[in-house]
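Notes for the structure review
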Amino acid sequence: MLSHLCAAIPVLYILWITMAQVTGQEDREKTTALKDLLSRIDLDELMKKDEPPFTFPKTLEEFEYAFNEYGQLRHTNTGEPFVFNAREDLHRWNQKRYEALGEIITQYVYELLEKKCNMTKAILPVDATGDEPTSFIYLTPDALSNPSKLLVLIQGSGVVRAGQWARRLIINQDLDSGTQIPFITRAMEENYGVMVLNPNENYLEVEKPAKSSPLSSPVELSDEPAEKRERKDDKESKKKREFYEKYRNPQKETETERIPIRENGSSEEHVLYVWDHFVSKAAAKNVFIMAHSYGGLSFVELMIQREMQVKNRVCAVALTDSAHNIWLQETSKGTQDWMQQHCCNWVSSPEPLDTPLDPMLPDCPRVSAGTERHELTSWMSFNSIFRFFSEVLEAKEDEEICRGPATITRSNRAGRRGVAKD
């Protein structure tokens with residue numbers, strides 16, 4: 001019995017080897033086809049296989065949305081607010097649709113600046129040639145000529161453009177909270193000239209030219225008969241198609257490249273450029289600046305580059321949830337002292353509006369914006385900011401009349417508000 005078993009072992013071993021080779025050959029064929037598939041399809045793109053085309057309306061009307069009398073975006077048929085998830089389980093498509101609407105909103109805000117606020121564009125760089133990329137800012141008619149007051153508005157970073165604080169607020173809440181329109185109209189009513197900066201318009205995005213297809217490699221010579229080679233190719237093609245038809249090719253986004261705008265390639269460069277070519281040349285005796293989020297960082301960079309000019313021209317700076325950091329930005333002691341005396345930062349906080357908060361750094365006083373939402377800090381601080389500017393200007397005028405040496409600070413303004421003018 002043992003001898004029969006020993007004799008059968010080599011046979012079984014040979015049979016096992018043969019079966020493994022056959023199975024291995026099939027696996028190799030499948031693996032080869034799978035590798036070919038994966039070389040053609042990005043795994044990250046497979047989840048996008050069922051997306052509708054990225055073709056979206058070009059106007060609010062085509063989107064079937066409009067702003068109502070309260071500045072709220074509503075569907076023209078249902079009256080409902082904007083719905084982000086228009087298609088379930090298609091996040092990328094929903095995001096692209098949201099971005100397409102955002103571009104329309106940007107143009108809509110530009111129209112408001114021009115028609116409602118009577119503002120005009122100033123092209124940057126000021127000496128741009130006809131074929132180079134450009135940006136722009138918006139100016140009220142008296143922005144450069146107003147002899148008394150100039151207000152400069154600097155937004156934060158991201159997709160927002162001139163005239164916007166937060167796209168999310170414009171779409172989901174209203175125009176007042178998300179745009180700079182209320183600040184501009186209020187400033188004009190109080191006889192300020194106004195400059196609206198555009199720190200995120202830093203480059204021209206152009207489509208990359210299509211890559212030329214590589215030259216086909218010459219057909220390798222083979223000793224196989226042509227008919228046999230064709231049958232083999234057909235068999236391989238069929239295997240590949242069986243894999244490919246499980247997926248359709250996901251749609252690809254257009255490849256683009258960015259051409260920087262000269263001397264305006266970043267928010268910091270933009271703010272410095274506008275200061276040098278516009279603000280410093282304005283007639284206004286009193287310059288006021290309001291900067292949100294990253295705009296505050298850009299303002300501090302301006303102070304580092306033009307410290308004495310800023311000190312001589314700027315009366316007060318209102319910051320809202322500013323992203324600046326005096327240590328990381330390596331500010332001088334003189335800049336820090338000046339910020340303590342002339343700046344105020346309204347920050348996101350659960351405390352009531354204007355509640356003084358502990359200073360994080362020795363730069364400028366911090367008070368509550370009355371909201372914990374970063375993007376709402378500018379709108380919630382609206383009245384407080386204009387009151388702050390008025391107090392600073394009133395104190396400055398009193399000192400000029402009295403020729404007093406006292407320094408205007410946030411701490412002594414409240415006590416000076418009741419001083420009667422001579």
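- The protein chain is annotated in an unreviewed UniProt entry as Arb2 domain-containing protein from Sphaeramia orbicularis.

1. Digging into the overall build of the protein chain
- When helices and strands are tallied, the protein chain shows 14 helices and 13 strands.
- The buried share of the protein chain, taken over its 422 residues, is 42%.
- Sequence-distant contacts in the protein chain: of pairs separated by 6 or more residues, those separated by 24 or more amount to 71%.
- Looking at the protein chain as shown, the accessible area adds up to about 24,100 Å², and 52% of this sits on carbon and sulfur atoms.

2. What about the sheet that holds strand S13 (residues 366–368)?
- If you walk across this open sheet you meet the 9 strands as S3-S4-S6-S5-S9-S10-S11-S13-S12, and the pairing is mixed. The open sheet has two edge strands with one neighbour each: strand S3 (120–124) and strand S12 (356–357).
- Pairing between S3 and strand S4 (residues 135–139): 5 bridges, direction antiparallel. Paired with Lys121 across the two strands is Tyr138, which belongs to S4.
- Sitting on the sheet, helix H13 (residues 382–402) touches strand S5 (149–154), strand S9 (286–292), strand S10 (314–320) and strand S11 (343–347), and the angle it makes with S10 is about 160°.

3. Digging into the pairing of S11
- Within S11, 5 of the 5 residues are buried, which leaves it mostly tucked inside the rest of the structure.
- Of the two faces of S11, the one carrying Cys343, Asn345 and Val347 and the one carrying Cys344 and Trp346 are both buried.
- Pairing of S10 with S11 involves 4 bridges; the strand directions are parallel. Bridging across to S11, Val317 finds its partner in Cys343.

4. Section: the confidence of the model for the protein chain
- Looking at the protein chain as a whole, its pLDDT mean stands at 83, while 73% of the residues score no less than 70.
- pLDDT under 50 marks residues 213–222. Its contacts with residues more than four places away, or in other chains, come to 1 contact.
- Between residues 242–249, whose pLDDT stays under 50, and residues either more than four places distant or in other chains, the model counts 15 contacts.

5. Structural notes on the pattern of salt bridges
- Under the criterion given, the structure shown has 14 salt bridges.
- Of the charged contacts in the structure, one is a salt bridge between Lys96 and Glu99, with a shortest N-O distance of 3.8 Å. Within this pair, Lys96 and its partner Glu99 are both found in helix H3 (residues 91–115), separated by 3 residues, close to a single helical turn.
- Lys333 is the salt-bridge partner of Asp337, the closest N and O atoms lying 3.0 Å from each other. Placement of the pair is Asp337 and Lys333 together in helix H11 (residues 333–342), with a separation of 4 residues, close to one helical turn.

6. Topic: the nonpolar core
- Ranked by size, the top nonpolar core spans 52 residues in total, and within it Leu151 and Phe389 carry the most contacts.
- Counting residues per element, this core draws most heavily on H3, at 10 residues.
- Leaving out residues up to four positions away in the same chain, Phe389 has contacts with Leu151, Tyr192, Phe288, Ile289, Ala316 and Ala318.
- Of all hydrophobic cores here, the second largest spans 34 residues; its members include Tyr273, Leu302, Met303 and Val314.

7. A few points about the packing of helix H6 (residues 181–189) against H13
- Two elements in contact, H6 and H13, have axes whose closest approach is 11 Å; the angle formed by their N-to-C orientations is 35°. You can see that H6 and H13 cross each other, and the crossing is right-handed. Residue-level inspection shows Pro182, Phe183, Arg186 and Ala187 of H6 in contact with H13, the latter providing Phe382, Asn383, Ile385 and Phe386.
- Its residues assigned to classes, the contact of H6 with H13 comprises 6 nonpolar, 1 polar and 1 charged.

8. Re the packing of helix H8 (residues 267–277) against helix H9 (residues 294–305)
- It is at 9 Å that the axes of H8 and H9 come closest, and there the two elements cross at 55°. For the element pair H8 / H9, the angle class is oblique. The two elements H8 and H9 cross, and the hand of that crossing is right-handed. Each of Ser267, Glu268, Val271, Leu272 and Trp275 in H8 lies in contact with H9, whose residues at this interface are Tyr294, Leu297, Ser298, Glu301, Leu302 and Gln305.
- When grouped by side-chain class, the residues that make up the contact of H8 with H9 number 6 nonpolar, 3 polar and 2 charged.

9. Observations concerning the packing of aromatic side chains
- Enumeration over the complete set of coordinates arrives at 20 aromatic pairs.
- Look at Phe382 and Phe386: their rings are 5.4 Å apart centre to centre, the planes differ by 65°, and that puts the pair in the edge-to-face class. Remark: Phe386 and Phe382 occur in helix H13; sequence separation between them is 4 residues, near one turn of the helix. In this pair, the class of Phe382 matches that of Phe386, namely buried.
- Taken together, the ring pairs in this structure connect Trp165, Phe183, Tyr192, Phe288, Trp346, Trp379, Phe382, Phe386, Phe388 and Phe389 into an aromatic cluster.
- Taking NZ or CZ as reference, Lys121 lies 5.5 Å from the ring centre of Tyr110, over its face.
- Its end group placed over the ring of Phe136, Lys121 keeps NZ or CZ at 4.2 Å from the ring centre.

10. A word on unusual backbone geometry
- Residues Leu124 and Pro125 are joined by a peptide bond in cis, for which omega reads -10°.
- Along the chain, the position of Pro125 falls in the loop between S3 and S4.
- Positive phi, normally seen in glycine, also occurs at Ser293, with a value near 55°.
- Take Ser293: it is sitting in the loop between S9 and H9.
- Its identity as a non-glycine residue notwithstanding, Asp321 has a phi of 45°, on the positive side.
- Within the fold, Asp321 resides in the loop between S10 and H11.
- On the basis of relative accessibility, which here comes to 13%, the residue Asp321 falls in the buried class.

Conventions used here
- Residues numbered from 1 in each chain as written.
- Predicted model: local features only at pLDDT ≥ 70, side-chain atom pairs only at ≥ 80, totals over all residues.
- Heavy atoms only, no water.
- Helix = DSSP H or I, 4+ residues; strand = E, 2+ residues; numbered from the N terminus.
- Buried < 20%, exposed > 50% of the residue type's maximum accessible area, 1.4 Å probe, protein only.
- Contact = heavy atoms within 4.5 Å.
- Areas by Shrake-Rupley, 256 points an atom, 1.4 Å probe, with all protein chains shown as cover.
- Pairing = 2+ DSSP bridges.
- Axes fitted to C-alpha atoms, helices over the stretch in contact; angles between N-to-C directions.
- pLDDT = per-residue confidence, 0-100.
- Salt bridge = Lys/Arg side-chain N within 4 Å of Asp/Glu carboxyl O.
- Core = buried A, V, L, I, M, F, W, Y, C linked by side-chain atoms within 4.5 Å.
- Left-handed = near helix turned anticlockwise from the far one by under 90°.
- Nonpolar A, V, L, I, M, F, W, Y, C, P; charged D, E, K, R; others polar.
- Parallel < 35°, antiparallel > 145°, perpendicular 65-115°, else oblique.
- Phe/Tyr/Trp six-rings, centres within 6.5 Å; stacked < 30°, edge-to-face > 60°.
- Lys NZ or Arg CZ within 6 Å of the ring centre and 35° of its normal.

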